[in-house]
Amino acid sequence: MAARLSTLCYIERDGKYLMLHRTVKEHDINKDKWIGVGGHFEEGESPEECLLREVWEETGYQLTSYVYRGIVTFLSGNGEIEYMSLFTADGFTGEPISCDEGELAWVDKAQVWNLNIWEGDKIFFRLLEEGVPFFSLKLVYDGSGGLVEAALNGREMELLDVLGPDGEKSGKVSERGVVHREGALHATAHVWVARERESGRFDLLLQKRSQDKDSYPGCYDISAAGHIQSGGNPLDAALRELEEELSICAEESQLQYVGKCQSEFQGIFHGKPFLNHEISSVYLYREPVDISRLKLQESEVDAVRWMDAAACQQGVWNNSFLNCIEEKELTMICTYLERGGTNHD
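In this text the structure is predicted, and so the values were computed from the model without any measurement.

A. Region of interest: the overall build of the protein. Counting its regular elements, the protein contains 7 helices and 19 strands. Projected onto its principal axes, the C-alpha coordinates of the protein cover approximately 80 × 40 × 35 Å. Here the protein, with 345 residues, has 50% of them falling under the buried criterion. By sequence separation, contacts in the protein at least 24 residues apart represent 64% of the contacts at least 6 residues apart. Within the structure as shown, the protein displays about 16800 Å² of accessible surface, and the carbon and sulfur contribution to it stands at 46%. Mean positive and mean negative side-chain charge positions of the protein (33 and 60 charges, respectively) differ by 4 Å.

See below:
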């Protein structure tokens, strides 16, 4: 296996990163991209020695304060494999010089996200932004610049299809944390578990979200829900989430499709901004469920409870119990049940 070794450094000053717009070399894999400064190892160099040399050669700066932040394994999809040692630096001396790789510019950290950068770079920018300690990030591309796989410290990360304004796939794929940092429109699958009482009224099964969830911790929510991973479909995602979160193994024929619901929300959880813009495919499950026999997914669900559907609607309207239920979607489900099963699409 022929793999290259390199360093990549983001120098910080006054809330800005020093970015390099790679415009010079015609056959540069980073052509027209904005990246940090750095380059490939020379024989016998350590990551730090390569860092110091490359930064001085490309910028004229001599680093006086820097931190080794992580290893990035990069697979281009065109047979190129690279192991990049990722650094940030906040101290330097010297006078700037012109760079023969492209144009250097100081860019506000918030504006870096708007530049032409690799989709995978957004993942490590997010990790840097959140102060994540030393990490190993693997990024796999399809040969045309599209991200097809990402793994953090050996564990697969969720990749989602970004949707256009019409709700159709845009062709762009982003990591889940990046999607919620940018507020990109994406697809989810929601399953409501319901039962009819002798009186003809309906109960809905609500889950209480784990305190460790990245959004709405401790809130009551839909019975089961989750993202539709890149390349996936709503029905498969609905069946998967129902089994993973509640241990309910359903058949396709047991899920009734109710319709789609689009929602948007902005908030801050665990000290981090969270932007959610999703189109949900909504399903109903009405098979008998004994909640005392459910095996809940501990990382996702703290508890479950039955709640009268009308009382749930009233509680959501009045905000009388801690929940993150979308009113439009709840109304859709209640109306569907009252009508005996009429789709909203």
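B. Representation of helix α5 (residues 234–246). Taking 1.5 Å of rise per residue, 13 residues should cover 18 Å, and α5 covers 18 Å from first to last C-alpha, within 8% of that figure. For α5, the full list of buried residues reads Ala237, Ala238, Leu239, Glu241, Leu242, Glu245 and Leu246. Residues of α5 that are buried sit in contact with β13 (185–196), β14 (202–209), β16 (224–227), β17 (255–269), β18 (272–285) and β19 (301–308). N-capping of α5 is provided by asparagine 233, with a side-chain oxygen placed 3.3 Å from the backbone N of leucine 235. Residue serine 247 follows α5 closely and has a positive phi angle near 60°.

C. Here's a closer look at the packing of aromatic side chains. Taken as a whole and assessed by the stated rule, the structure comprises 20 aromatic pairs. The ring of tyrosine 17 has lysine 109 lying over it, and the distance from NZ or CZ to the ring centre is 5.0 Å. For the cation-ring pair, arginine 181 lies above tryptophan 113, with the distance from its terminal atom to the ring centre recorded as 3.9 Å.

D. Structural detail: the pattern of salt bridges. For the coordinates displayed, the defined rule picks out 29 salt bridges. Here arginine 4 ties to glutamate 80 by a salt bridge, and the two come within 3.2 Å at their closest N and O atoms. Of this pair, arginine 4 sits in strand β1 (residues 4–13) while glutamate 80 sits in the loop between β5 (62–75) and β6 (81–93); the two residues are 76 residues apart in sequence, bridging distant segments of the chain. Here lysine 25 ties to glutamate 101 by a salt bridge, and the two come within 3.5 Å at their closest N and O atoms. Taken as a pair, lysine 25 in the loop between β2 (16–22) and β3 (34–35) and glutamate 101 in the loop between β6 and β7 (102–108) lie far apart in primary sequence, 76 residues in all. Salt bridges sharing partners connect three or more residues here, namely Glu42, Glu45, Arg53, Glu54 and Glu57.

E. Quick look at the nonpolar core. Core analysis: the biggest nonpolar cluster contains 30 residues, and Tyr10, Met19, Leu86, Ile123, Phe124, Phe125 and Leu139 have the highest contact counts within it. Elements supplying a minimum of two residues to this core: β1, β2, β3, β5, β6, α3 (119–129), β8 (135–141) and β9 (147–152). Element by element, the count of residues in this core is highest for α3, at 5 residues.

F. Spotlight on the pairing of β1. By the bridge criterion, 8 bridges tie β1 to β6 in an arrangement that is parallel. Across the sheet, leucine 8 pairs through a bridge with leucine 86, a residue of β6. Pairing geometry for β1 and strand β4 (residues 37–40), over 4 bridges, is antiparallel. In the strand pairing of β4, serine 6 is matched with histidine 40. When β1 meets β2, the two strands line up antiparallel, connected through 2 bridges. In the sheet register, arginine 13 faces β2, and the bridge partner there is lysine 16.

G. Looking closely at the environment of glutamate 198. Here glutamate 198 shows up in the loop between β13 and β14. In this structure glutamate 198 comes out as exposed when scored by relative accessible area, which is 88%.

H. Highlighting the side chain of aspartate 203. As for its placement among the helices and strands, aspartate 203 is situated in strand β14. Within polar-contact distance, the side chain of aspartate 203 engages the side chain of arginine 197 at 2.4 Å. Discounting residues that sit within four places of it in the chain, aspartate 203 has contacts with Val193, Ala194, Arg195, Arg197, Trp306, Met307, Asp308 and Ala309.

Thresholds applied
Residues numbered from 1 in each chain as written. Predicted model: local features only at pLDDT ≥ 70, side-chain atom pairs only at ≥ 80, totals over all residues. Heavy atoms only, no water. Helix = DSSP H or I, 4+ residues; strand = E, 2+ residues; numbered from the N terminus. Buried < 20%, exposed > 50% of the residue type's maximum accessible area, 1.4 Å probe, protein only. Contact = heavy atoms within 4.5 Å. Areas by Shrake-Rupley, 256 points an atom, 1.4 Å probe, with all protein chains shown as cover. Lys, Arg positive; Asp, Glu negative; His and termini not counted. Charge placed at Lys NZ, Arg CZ, Asp CG, Glu CD. Expected span 1.5 Å × (residues − 1). Polar contact = N/O pair within 3.5 Å; in protein donor to acceptor, adjacent residues only side chain to side chain. Phe/Tyr/Trp six-rings, centres within 6.5 Å; stacked < 30°, edge-to-face > 60°. Lys NZ or Arg CZ within 6 Å of the ring centre and 35° of its normal. Salt bridge = Lys/Arg side-chain N within 4 Å of Asp/Glu carboxyl O. Core = buried A, V, L, I, M, F, W, Y, C linked by side-chain atoms within 4.5 Å. Pairing = 2+ DSSP bridges.

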